[in-house]
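Structure assessment
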Amino acid sequence: MSAALGKAVMTATRNKAIGVAVFGSTGSIGENTLDVIARHPQRFEVIVLAAQRNVAKLKAQCLQFQPRYAALADVNAARQLRAELAGLNLRTEVLEGAHAFEELAAHPDVHSVMAAIVGAAGLASTLAAARAGKRILLANKESLVMSGPMFMRTVRNGGAQLLPIDSEHNAIFQCLPSNDRRAGVRRLLLTASGGPFLRATADELQRATPEQACAHPRWVMGRKISVDSATLMNKGLELIEASLLFDMAAAQIDVVIHPQSIVHSLVEYVDGSVLAQLGNPDMRTPIAYGLGWPERLAAGVESLDLIRIGRLEFEAPDEVRFPCLRLARQVTAVGASAPAVLNAANEVAVTAFLDGQLSFTGIAALIETVLSRHQAAPIDSLDAVLEIDRWARACALATLRTKQGAVV
């Protein structure tokens, strides 16, 4: 962004509250976003709160932030929320369904859209925000993974600003040159905590339970992303995302295991310099960066105490024990529709694991089976993305139901 535009944003910030829409407000990213917003009541106005079906949490958020609109994807949940808010003298209008999400993402009074709905469900509203030229705070990596170059093209054509909220991509964004994002860059290094099974044996991985997989040693996250972290698929999706966000080939992006989760990512330059972004493992840091950019905002995050931490360790990931990372790297190189298939198959596999229908090691096996049955092709529309997504989910579910899948 130019200096003049940055100054204009800061001037507008001082004169009028910035309208924010939080999609996925009842999840961990949404709650952390609202925590940061609450620290700056003169700077931000919550226009939209949107979630899938959690009526209790959304009602509490409506009472605290009094948004103009509250939306739920689930029609019955929306009706319940509407009934519970009736008579409370709130200005909040309750809307329902995917179409409402798209309309609200493009609302003229919304400046910044926090895109934090987990999985494929967040794609349409994020694309609507891009077409409307919003500032998109992208926490839903699946939107970008599914639609790839089409998503980036929509952002450019709509004049939207895209700011990554994943801690790793946000760290890279902070370490890259502000004027020419690729100038002098040799490679990107994404750090990974290694998850709860970093030292687990093959037998322990085979017997791993959902409770164990969701017990992340550093981050507090939702169940789906916790399992992705345990399989290292989360890092695989981030590799795909980094390739698209920063226009880098898969060969220029490495993954490094860093159990302390203090160094969030690094950028290596052609002169041998390596810039890193460090901070406590608290999602409010990248969220505040996205909300306030190009300024810095207080986020309620503790100061980093390097003396107390004592040491920072790094090691190579084991792609034999964690094959999801290998699959994602292969898919990044293929491109086209392959990432969308990987993402859809992974969502089905993680759900099956959490429901006790699939072993932990079966997650990668199921994904690999679905990928082997797909011939990658270019994606040029939302309908094409959704069709590929439907095919991959159907294939994954069919594979789950057959003994030939050999994954249960």
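Residues numbered from 1 in each chain as written. Predicted model: local features only at pLDDT ≥ 70, side-chain atom pairs only at ≥ 80, totals over all residues. Heavy atoms only, no water.

**Comments concerning the overall build of the chain**
Scanning the chain from N- to C-terminus turns up 18 helices and 11 strands. Here the C-alpha atoms of the chain give a radius of gyration of 21 Å, agreeing with the 22 Å that 2.2 N^0.38 yields for 408 residues. Projected onto its principal axes, the C-alpha coordinates of the chain cover approximately 55 × 55 × 45 Å. Nonlocal contacts in the chain, meaning residues at least 24 apart in sequence, comprise 70% of its contacts between residues at least 6 apart. (Helix = DSSP H or I, 4+ residues; strand = E, 2+ residues; numbered from the N terminus. Rg over C-alpha atoms; globule rule 2.2 N^0.38 Å. Contact = heavy atoms within 4.5 Å.)

**Points about a nonpolar patch on the surface**
A cluster of nonpolar side chains, contributed by Leu-278, Leu-306, Leu-312 and Phe-314, occupies part of the molecular surface with about 330 Å² of accessible area. Tracing the sequence through the fold places Leu-306 in helix α14 (residues 306–309). Taking the relative accessible area as the measure of exposure, Leu-306 reaches 43% and is therefore partly exposed. (Patch = residues over 30% accessible without salt bridge, like charges linked within 9 Å, V, L, I, M, F, W, Y side chains within 5 Å. Areas by Shrake-Rupley, 256 points an atom, 1.4 Å probe, with all protein chains shown as cover. Salt bridge = Lys/Arg side-chain N within 4 Å of Asp/Glu carboxyl O. Buried < 20%, exposed > 50% of the residue type's maximum accessible area, 1.4 Å probe, protein only.)

**Structural notes on the confidence of the model for the chain**
Scored by pLDDT, the chain comes out at a mean of 92, with 94% of its residues at no less than 70. Confidence drops under a pLDDT of 50 for residues 1–14, and excluding neighbours within four residues, the segment shows 14 contacts in the predicted structure. (pLDDT = per-residue confidence, 0-100.)

**Some words on the sheet that holds strand β8 (residues 185–192)**
Here 4 strands make up an open sheet; going across it, the order is β9-β8-β10-β11 and the pairing mixed. Of all strands in the sheet, those with a lone pairing partner are β9 (253–257) and β11 (274–278), marking the two edges. On average, each strand axis in the sheet is tilted by 20 degrees relative to the strand beside it, whichever way the strands run. Both β8 and strand β10 (residues 263–269) contribute to a ladder of 5 bridges, which runs antiparallel. (Pairing = 2+ DSSP bridges. Axes fitted to C-alpha atoms, helices over the stretch in contact; angles between N-to-C directions.)

**Points about the packing of helix α17 (residues 360–372) against helix α18 (residues 382–400)**
Interhelical geometry of α17 versus α18 gives an angle of 125 degrees and a closest axis separation of 10 Å. Here α18 runs oblique to α17, going by the angle between their axes. Taken as a pair, α17 and α18 cross one another with a handedness that is right-handed. Across the interface between the two elements, Leu-366, Thr-369 and Val-370 of α17 pack against Trp-391, Ala-392, Cys-395, Ala-396, Thr-399 and Leu-400 of α18. Classifying every residue of the contact of α17 with α18 by side-chain character gives 7 nonpolar, 2 polar and no charged. (Parallel < 35°, antiparallel > 145°, perpendicular 65-115°, else oblique. Left-handed = near helix turned anticlockwise from the far one by under 90°. Nonpolar A, V, L, I, M, F, W, Y, C, P; charged D, E, K, R; others polar.)

**Some words on unusual backbone geometry**
At the junction of Trp-293 and Pro-294, the peptide bond is cis and its omega measures out at 10 degrees in the coordinates. When you line up the elements, Pro-294 lands in the loop between α13 (284–292) and α14. The phi dihedral of Gln-66 falls on the positive side, at around 45 degrees, and the residue is not glycine. Mapped onto the elements of the fold, Gln-66 is located in the loop between α3 (55–65) and β3 (69–72). Notably, Asn-89 is not glycine yet its phi reads approximately 60 degrees, a positive angle. Mapped onto the fold, Asn-89 is located in the loop between α4 (75–85) and β4 (93–96).

**Digging into the packing of helix α7 (residues 141–158) against α18**
At a minimum axis distance of 10 Å, the contact between α7 and α18 shows a crossing angle of 160 degrees. With respect to α18, the axis of α7 lies roughly antiparallel. Considering the relative orientation of α7 and α18, their crossing is right-handed. Between α7, through Met-146, Ser-147 and Met-150, and α18, the contact on the second element is made entirely by Leu-382, Val-385 and Asp-389. Among the residues forming the contact of α7 with α18, the class breakdown is 4 nonpolar, 1 polar and 1 charged.

**Considerations on the state of the cysteines**
Under the criterion given, the structure shown has 0 disulfides. With no disulfide partner, Cys-324 has as its closest neighbouring cysteine sulfur the one in Cys-214, 15 Å distant. Take Cys-324: its relative accessible area is 1%, and that puts it in the buried class. Between Cys-395, a free cysteine, and Cys-324, which holds the nearest cysteine sulfur, the sulfur-to-sulfur gap is 16 Å. (Disulfide = S-S within 2.5 Å.)

**As for the environment of Pro-196**
Residue placement: Pro-196 occurs in the loop between β8 and α9 (202–206). Spatially, the C-alpha atom of Pro-196 lies 35 Å from that of Val-46, the residues being 150 residues apart in sequence. What Pro-196 contacts, discounting residues up to four positions off in sequence, is Gln-212, Ala-213, Ala-215, Pro-217 and Ala-230.

**Quick word on the side chain of Arg-135**
Considering the arrangement of structural elements, one finds Arg-135 in strand β6 (residues 135–138). Here the side chain of Arg-135 touches Trp-293 through a polar contact of 2.8 Å, landing on its backbone oxygen. (Polar contact = N/O pair within 3.5 Å; in protein donor to acceptor, adjacent residues only side chain to side chain.)

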